[in-house]
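Observations on the model geometry
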Amino acid sequence: MRLTLQMLISHGRMARRMGLGPESRINMLRNILTGLVRHERIETTLARADEVRFYAEKLVDYAKKGDKDEKAMKMASFWLTEKDLVPKLFKVLAPRFETQSHGYTRMARIPNRQNLDRAKMAVLEYKGNPFPPLYPAKKENELTLINQLLKGYREERAQQLDAKL
Amino acid sequence: QNNTNTLGKVLSFCSFASAAASLRPLPAEVRSQRNAVFSREQARQRALYPRIEKIEVSMHGPGLDGTLLIMNRGMSTPLSCARHLTEHHVKNSALALVDGEPWPLHQPLTSSCSLTLLTFKDSDPTLVNQAYWRSCAALLGQVIETAFKDEYTVELLSTPEVAVTSGAFCCDVVLDPQLDSWTPSEESLRSLTRGAQQLIHQDQAWEPLEVVPSVALEVFSHSRCKQEEVEQKASQNPKGTVMLYRCGDHVLLSGGPLVARTGLCSQYEVTALHNLGQGSWGVQRRAQGLSLPLQLQAHHTVWRKLRQRAEKLVRATNLCFLPQTVVQQS
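Residues numbered from 1 in each chain as written. Chains lettered and ligands numbered in written order. Predicted model: local features only at pLDDT ≥ 70, side-chain atom pairs only at ≥ 80, totals over all residues. Heavy atoms only, no water.

Per an unreviewed UniProt entry, chain B carries the name Large ribosomal subunit protein mL39 and comes from Amphiprion ocellaris. Of chain B, the UniProt comment under Subcellular location (unreviewed entry) reads exactly: "Mitochondrion". (UniProt positions renumbered as here; feature names shortened; annotations may be inferred.)

In the nomenclature of an unreviewed UniProt entry, chain A is known as Large ribosomal subunit protein bL17m of Amphiprion percula. Under Sequence similarities (unreviewed entry), UniProt gives the following word-for-word description of chain A: "Belongs to the bacterial ribosomal protein bL17 family." Its UniProt record gives chain A a comment under Subcellular location (unreviewed entry), which states: "Mitochondrion".

Okay, structure coming up:
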């Protein structure tokens, strides 16, 4: 074959190459997605988490169609290698995301793997999982001087409004 | 003396006879006398520990639990303990808690104890907030006392304990009878603010001194009103002593611990001077102000709203919010 420069440069190519080939890539993503549905929060490399994100959200969209739907059941049984997770997908995850139309997953980077490869790692989770939050919400202290002054200010304003009415 | 001149210009329309002024000692003399007595008592208390004795101070706090410091009895203060730790502790600690008791940062430690340094950003800064409010009121009292011309007397009454949520700290004063009809204009309030900002800029420390009532009576020998306050505070204190504080060359009496230095305040404004009516010493005025510490500065929009609220008269309710564990309170 012609050894062109195009073979070595991959500018603008969005599709990632994982594993031994496209089939190997799909199998790997299937395994990771099964782990995600079972545990609802997993830790993998950044690239794999990013790839799985798309498939995880598409799977939830299929699950929302209901388990009576032929296509949805085929997709679920293909993508979930452990068949006891198929009822969990339709009965737990689909109702959880009924009100949302997109954005069912959250990804957060964590420190690189300590092995020789120093790979970029990420945590991928389904929203609404029972674990403590990845980004804990910092509660502002109500008792600091400025917050106490503002509290007094707010109360006085409320009193004035009540007196007006 | 810049602010005195500005205030003098504002008051220049009053042409009053100053016959009574010659009978009273000059404010400068009074100040130097009080300073001299304070320094003498301070030196005497320091001389009680001629030899250096060591005490063990165990620190408590985030990241400090279990730290043991060997300090000198009667010489080391909680500030010196903080200086053994880090610059953050020195700059940010406003008050100390020694064996659960609020302790001013510059007061020497007398025995082995457990020490906690309190800042404005703790999870429960109520004690620090109260001490800060008291210190700002003391600063306001100092500014007012030094702001007027020598011919007008200024008597500081006891600063009422106000809750922080009321929006402003207050300082009760009784001015010269010649100034009964004087209402402060915005310019005079601004010059008082400038005086306070100068004191803050000088970063004076509030040096505490625990004295027996007789020494306090000697300090305030020129002011009958202050002597009554000393007796009242001495009767309320279970130990029978009175806490004096010195800032620069001004000695004052306080009902509770004050914060470490004037430099801890950053935004400070004197907002109003209300007329309370005739009291036992003369026409009582309540000076109010608003201040925020260096670590908790407010955006100018927030500051404007709080300042507008601080102009309204604050009525001092009686001491219902103080925590029960505090000892050095009135």
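1. A few points about a nonpolar patch on the surface
A contiguous nonpolar patch, built from Met1, Leu3, Leu5, Met7, Leu8 and Ile9 of chain A and spanning about 780 Å² of accessible area, is present on the exposed surface. One can find isoleucine 9 of chain A in the segment before α1 (22-39). (Patch = residues over 30% accessible without salt bridge, like charges linked within 9 Å, V, L, I, M, F, W, Y side chains within 5 Å. Areas by Shrake-Rupley, 256 points an atom, 1.4 Å probe, with all protein chains shown as cover. Salt bridge = Lys/Arg side-chain N within 4 Å of Asp/Glu carboxyl O. Helix = DSSP H or I, 4+ residues; strand = E, 2+ residues; numbered from the N terminus.)

2. Observations concerning the packing of aromatic side chains
All names here are of chain A. The tally for this structure, following the rule as stated, stands at nine aromatic pairs over all chains. Aromatic side chains phenylalanine 97 and tyrosine 104 sit 5.0 Å apart centroid to centroid with 40° between the ring planes, which places their arrangement in the tilted category. For tyrosine 104, a relative accessible area of 1% corresponds to the buried category. Joined through ring pairs, the aromatic side chains of Phe54, Tyr55, Phe78 and Trp79 make up one cluster. Residue placement shows arginine 30 over the ring face of phenylalanine 78; its charged tip is 4.5 Å from the ring centre. (Phe/Tyr/Trp six-rings, centres within 6.5 Å; stacked < 30°, edge-to-face > 60°. Buried < 20%, exposed > 50% of the residue type's maximum accessible area, 1.4 Å probe, protein only. Lys NZ or Arg CZ within 6 Å of the ring centre and 35° of its normal.)

3. Section: the pattern of salt bridges
With the rule as written, the count across this model stands at 29 salt bridges over all chains. Salt-bridge contacts for aspartate 50 of chain A lead to arginine 16 of chain A; the nearest nitrogen and oxygen are separated by 2.9 Å. Remark: arginine 16 of chain A occurs in the segment before α1 and aspartate 50 of chain A occurs in helix α2 (residues 46-64); sequence separation between them is 34 residues. The exposure class of aspartate 50 of chain A is partly exposed, given its relative accessible area of 34%. The partly exposed category is assigned to arginine 16 of chain A, whose relative accessible area is 32%. Linking arginine 261 of chain B and aspartate 203 of chain B is a salt bridge whose minimum nitrogen-to-oxygen distance equals 3.2 Å. Placement of arginine 261 of chain B in the loop between β10 (250-253) and β11 (265-278) and of aspartate 203 of chain B in the loop between α6 (186-202) and β8 (206-211) is noted, with a sequence separation of 58 residues between them. Looking at aspartate 203 of chain B, the relative accessible area reads 36%, which means it is partly exposed. The network of salt bridges with shared partners includes Arg16, Arg25, Asp50 and Glu51 of chain A.

4. Side note on the pairing of β10 of chain B
Residues and elements named next belong to chain B. Alternating residues of β10 divide into His250 and Leu252 and Val251 and Leu253, and every residue in both groups is buried. Bridge analysis of strand β9 (residues 242-247) against β10 gives four bridges, and the strand direction is antiparallel. Counterpart to arginine 246 in the pairing with β10 is valine 251. Remark: two residues form the turn of the hairpin made by β9 and β10, two consecutive strands paired antiparallel; glycine 248 in that turn has positive phi of roughly 70°. (Pairing = 2+ DSSP bridges.)

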